[in-house]
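Okay, here's what each chain looks like letter by letter:
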Amino acid sequence: MLVGPQGAIRQTAARPDDLRLASAIVAAREQPGDVVFYIPLDSRVLGTGYPAPFERLRDIALAEPPIASGTLTGTEITSPALLKSRFTDVRRVWVVTGAANDKFPVPNTPVDEEKMALIAAAGMHIVHRWMAGEVMLTLYGT
């Protein structure tokens, strides 16, 4: 009796996100030196379903990786000043977020606010924005 309902909810179409598509988008367009920002912090989980392309992006906001932190996604730095010091020679930034209703979330932590401020201060603009279900990928570049 449970096979039918369990099988149905495990189909890609039953999920609000499409992690396979998000991964394919990054894999097809990422370049050496690209940086990734997850906004908010818990959006980092979106890069774990098909992690290979996301692992090639520099996650300069990561304080401790998952194994070292004993968490699923790792921990993020809490200092905007430290983030700013790591934002050197950055030409392209991927912003990964969950976006219900196709709206970019409002940064709600000092570090998330600093992420967006760094992008703006570097004179970056949106190169392209993709939706993979409720996963929003925004590529900024100079």
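Every value quoted in this text rests on a predicted model; they were computed, and no experiment measured them.

Rules and cut-offs
Residues numbered from 1 in each chain as written. Predicted model: local features only at pLDDT ≥ 70, side-chain atom pairs only at ≥ 80, totals over all residues. Heavy atoms only, no water. Buried < 20%, exposed > 50% of the residue type's maximum accessible area, 1.4 Å probe, protein only. Helix = DSSP H or I, 4+ residues; strand = E, 2+ residues; numbered from the N terminus. Pairing = 2+ DSSP bridges. 1 Å grid on protein atoms, 1.4 Å probe; cavity = no way out; pocket = protein on both sides within 12 Å on 5 of 7 lines; lining within 4 Å. Points joined across faces, edges and corners; volume = space filled by probe spheres on them. Nonpolar A, V, L, I, M, F, W, Y, C, P; charged D, E, K, R; others polar. Expected span 1.5 Å × (residues − 1). Arc of directions from axis to C-beta. Contact = heavy atoms within 4.5 Å.

(A) Structural detail: the pairing of strand β6 (residues 135–141). Of all the 7 residues making up β6, 7 are buried; the element is thus mostly covered by neighbouring parts of the structure. Burial along β6 is two-sided: the face carrying V135, L137, L139 and G141 and the face carrying M136, T138 and Y140 are both buried. Here strand β4 (residues 92–98) pairs with β6 via 7 bridges, running antiparallel. In the sheet register, V96 faces β6, and the bridge partner there is L137. Relative to β6, strand β5 (residues 125–132) is paired through 7 bridges, and the arrangement is antiparallel. Its bridge partner being in β6, I126 is matched across the sheet by Y140.

(B) Here's a closer look at the layout of surface pockets. The space that makes up the largest pocket amounts to roughly 300 Å³. What lines the largest pocket is a set of 14 residues, and nearest its centre among them are R44, G47, T48, E55 and P66. Split by residue class, the lining of the largest pocket holds 8 nonpolar, 3 polar and 3 charged.

(C) Inspection of helix α6 (residues 110–121) at higher detail. Given a rise of 1.5 Å per residue, 12 residues ought to cover 16 Å, and the 16 Å separating the end C-alpha atoms of α6 matches this to within 8%. Of all the positions in α6, only V111, D112, E114, K115, L118 and I119 are classed as buried. All buried residues of α6 fall inside an arc of 160° around its axis, so they share one side. Counted as exposed and oriented over 90 degrees from the buried face of α6: P110, A120 and A121. Buried residues in α6 make contact with β1 (35–38), β3 (75–76), α5 (80–86), β4 and β6. Phi turns positive one or two residues past the end of α6, at G123, with a value near 70°.

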